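As a plain string of letters, each chain reads:
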Amino acid sequence: MRSVQEKAALQGLLRPPFTVRAQVITPLSAGGTRHLPDALVEIDRAGKLARVEAWPADSPGLAEGGVVDLRPMVVLPGLVDLHAHLPQLPNAGLGAGLDLLTWLQRYIFPLERGFNADAARRLAPLVFRSLAAAGTTTALLYGAVFEDSLDASFAAAEEHGIRLVLGKVMMDRLRYDDSIGDKEVLDASLAQSQRLIERWHGRDGGRLRYAVTPRFAVSCTFEMLRESAALAAATGAYWQTHLAEDRHEIEEVARLFPDAIDYTDVYDKAGGLGPRTILAHCVHLSDREVARLAETQTRVAHCPASNFFLSSGAMPLARYLEAGIVVGLGSDVAAGPELSIFAGMRAGAYIQSGVHTMLRDERPRLKPLDWLRLGSYEGARVLGIEQEVGSLEAGKEADFILVDPSVTAPVGRGALDQATDDPSDIISRLMYRTRDEMIRGAWVRGRRLAT
Ligand code: GUN
Ligand code: ZN
């Protein structure tokens, strides 16, 4: 069911309330996965899931009028992207073969330097539509350093409807903004972040939130890290930064912070660890650091495609999960070459295969339905919003995507792909034969997002 017929069906699903009939695959809060080959999904006036259940055998009233039949398409929870850089999208795919610090200097800092309010007004709406088109309904993003570009980006998200956590990048050394002197930059950056929190954190019933965003220890003095962590703690905003992505970066941090035990200890001493902190990458961590992240309930954004692209290394996911760390997935565009979290699952699975076969790691391996959980429910858990979104369960907000598994990328020129009813194989196809066109729509609180 596509084209004219599908368009007409989806026209009725722009705003809640509505009810659809479709296949459902979802992780459950209590663990495990629910697969309903023929399901009723009712979204109430407030944009919440009123019912997610097997299609009732005896339902003459339902079958007629009021229900949009989307079979054989699949309804999945909206995906959660825990790490990407909004101003960097134009650079996606450029600069392969460089290490992180060289890539940042050559490609990224010049790009972010141009991300003023006008650039944000042009780019941000496209970024939010692109995220929705890739199946992402919740995103945790980094902006650039300019306050007015953050206002423009938040305003675009408010209009678009995506669920967004965003922060102004803070840097008080190795920085690209020379409009303020070195001495003033710490105070200015804190004041700007504070104002942005006041304007945007918690807006629209919590759909928009703020993350205090010191870039990483190479770009921040200890004072910047400490004061930014204090600001997040005082306001209830998140705190996000990068940790242990690349070997040269780690050496640089050791040189800049000679008194720290290791890279994690720099953030620990600054008061940055805790359940509202999201650390991207965490590729190279010692047992001590893993234990400390687990102990403080600090959250991790795993960005496998980016780690491949910049040859950063292979994050040992199973080891972190075994330690009890809450981990979700990030695209990390532009170091990650694409926004799709399905593509992120694929890259994660390849890295996992490498870790398990080459390093002979015997820990349990994630299977397709586990990757779906990581890209949805666990992502919500990283942000502490798993009571509201991340799975399709009655009472939660209606953040979901509609997927047509029959339009995944074909393996050959003809219709060679064997169809499947098995939920694990459906997700496997979506992960390994990802194609933009397979995502037929994305909704937040029952409101259809522009793609
Ligand atoms: N570390 C500090 N800044 C960045 C960035 O923009 N991208 C990535 N991948 N790592 C970083
Ligand atoms: Zn990043």
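Only a predicted model underlies this, so the values are computations on that prediction, with no experimental measurement involved.

**Q** Account for the overall build of the chain, with residues named and values stated.
**A** Secondary structure assignment for the chain yields 17 helices and 16 strands. Here the C-alpha atoms of the chain give a radius of gyration of 22 Å, agreeing with the 22 Å that 2.2 N^0.38 yields for 451 residues. Overall, the C-alpha framework of the chain stretches about 70 × 50 × 40 Å when taken along its three principal axes. The buried share of the chain, reckoned over its 451 residues, is 59%. The contacts in the chain between residues at least 6 apart in sequence include a share of 76% that link residues at least 24 apart. As presented, the chain carries roughly 17600 Å² of accessible surface, and 50% of it is formed by carbon and sulfur atoms.

**Q** Could you give me a rundown of the packing of aromatic side chains, with the residues and numbers involved?
**A** Tallying each qualifying case throughout the model produces nine aromatic pairs. Put simply, the rings of Phe-18, Phe-400 and Trp-443 touch in pairs and so form one group of aromatic residues. A cation sits over an aromatic face here: Arg-276 above Tyr-238, 4.4 Å from the ring centre.

**Q** Break down the site of ligand 1 for me, citing the residues and quoting the values.
**A** All residues adjacent to ligand 1 are His-85, Gln-88, Leu-100, Trp-103, Leu-104, Arg-215, Phe-216, His-242, Glu-245, His-281, Asp-332 and Ala-335. A distance of 2.9 Å separates an oxygen atom of ligand 1 from a polar atom in the side chain of Gln-88. The separation between a nitrogen atom of ligand 1 and a polar side-chain atom of Glu-245 is 2.7 Å. Compared with its free state, where it exposes 280 Å², ligand 1 has 100% of that area covered by protein. Sorting elements by how many residues they give to the shell around ligand 1 places helix 3 (residues 100–113) first, with three residues. Class assignment for the residues of the shell around ligand 1 results in five nonpolar, four polar and three charged.

**Q** I'd like to hear about the coordination of the zinc ion (ligand 2), residue by residue, with values.
**A** Protein coordination at the zinc ion (ligand 2) comes from His-83 (NE2), His-85 (NE2), His-242 (NE2) and Asp-332 (OD), with a distance range of 2.0 to 2.7 Å. Metal-centred angles of 82 to 167° between the four donor atoms at the zinc ion (ligand 2) mark the site as irregular. One chain supplies every donor to the zinc ion (ligand 2), and in sequence these donors are spaced H-x1-H-x156-H-x89-D. Here Asp-332 lies in the loop between strand 13 (327–329) and helix 14 (341–358) and His-242 lies in strand 10 (residues 238–243), a separation of 90 residues in the sequence. Here His-242 matches Asp-332 in class, with each residue buried.

**Q** Residues and numbers for the side chain of Thr-19, please.
**A** Examined against the element boundaries, Thr-19 turns out to sit in strand 1 (residues 18–27). With residues near it in sequence (within four places) discarded, Thr-19 still touches Leu-40, Val-41, Glu-42, Gly-66, Val-67 and Val-68.

**Q** Give me the packing of helix 6 (residues 182–200) against helix 8 (residues 222–235): which residues, what numbers.
**A** Between helix 6 and helix 8, whose axes approach to 11 Å, the crossing angle comes to 20°. It follows from the interaxial angle that helix 6 and helix 8 lie roughly parallel. Crossing angle aside, the handedness with which helix 6 passes helix 8 is right-handed. Residues Leu-186, Ser-189, Leu-190, Ser-193, Gln-194 and Ile-197 of helix 6 form the contact with helix 8, whose own contacting residues are Glu-223, Met-224, Glu-227, Ser-228, Leu-231 and Thr-235.

**Q** Explain the pairing of strand 10 residue by residue, including any values.
**A** Here strand 10 lies mainly inside the structure; six of its six residues are buried. Neither face of strand 10 is left uncovered, since the one carrying Tyr-238, Gln-240 and His-242 and the one carrying Trp-239, Thr-241 and Leu-243 both have all their residues buried. With two bridges joining them, strand 9 (residues 208–214) and strand 10 adopt parallel strand pairing. The partner of Val-212 across the bridge, within strand 10, is Trp-239. Each parallel crossover has a hand, and the one from strand 9 via helix 8 to strand 10 is right-handed.

**Q** So, the packing of helix 4 (residues 117–133) against helix 5 (residues 147–160): which residues are in play, and what are the values?
**A** Close contact between helix 4 and helix 5 brings their axes to 8 Å; oriented N to C, the two are set at 35°. Crossing angle aside, the handedness with which helix 4 passes helix 5 is right-handed. Facing Ala-117, Ala-120, Arg-121, Ala-124, Pro-125, Phe-128, Arg-129 and Ala-132 of helix 4, the residues of helix 5 in contact are Asp-148, Ser-149, Ala-152, Ser-153, Ala-156, Ala-157 and His-160. Here the contact of helix 4 with helix 5 is composed, by residue class, of nine nonpolar, three polar and three charged.

Conventions and cut-offs
Residues numbered from 1 in each chain as written. Chains lettered and ligands numbered in written order. Predicted model: local features only at pLDDT ≥ 70, side-chain atom pairs only at ≥ 80, totals over all residues. Heavy atoms only, no water. Helix = DSSP H or I, 4+ residues; strand = E, 2+ residues; numbered from the N terminus. Rg over C-alpha atoms; globule rule 2.2 N^0.38 Å. Buried < 20%, exposed > 50% of the residue type's maximum accessible area, 1.4 Å probe, protein only. Contact = heavy atoms within 4.5 Å. Areas by Shrake-Rupley, 256 points an atom, 1.4 Å probe, with all protein chains shown as cover. Phe/Tyr/Trp six-rings, centres within 6.5 Å; stacked < 30°, edge-to-face > 60°. Lys NZ or Arg CZ within 6 Å of the ring centre and 35° of its normal. Near = heavy atom within 4 Å. Polar contact = N/O pair within 3.5 Å; in protein donor to acceptor, adjacent residues only side chain to side chain. Nonpolar A, V, L, I, M, F, W, Y, C, P; charged D, E, K, R; others polar. Donors = N, O, S within 2.8 Å, 3.2 Å for Na, K, Ca; no water. Tetrahedral: all angles 85-135°; square planar, octahedral: opposite > 155°, others 65-115°. Axes fitted to C-alpha atoms, helices over the stretch in contact; angles between N-to-C directions. Parallel < 35°, antiparallel > 145°, perpendicular 65-115°, else oblique. Left-handed = near helix turned anticlockwise from the far one by under 90°. Pairing = 2+ DSSP bridges. Right-handed = clockwise from strand over helix to strand, strands pointing away.

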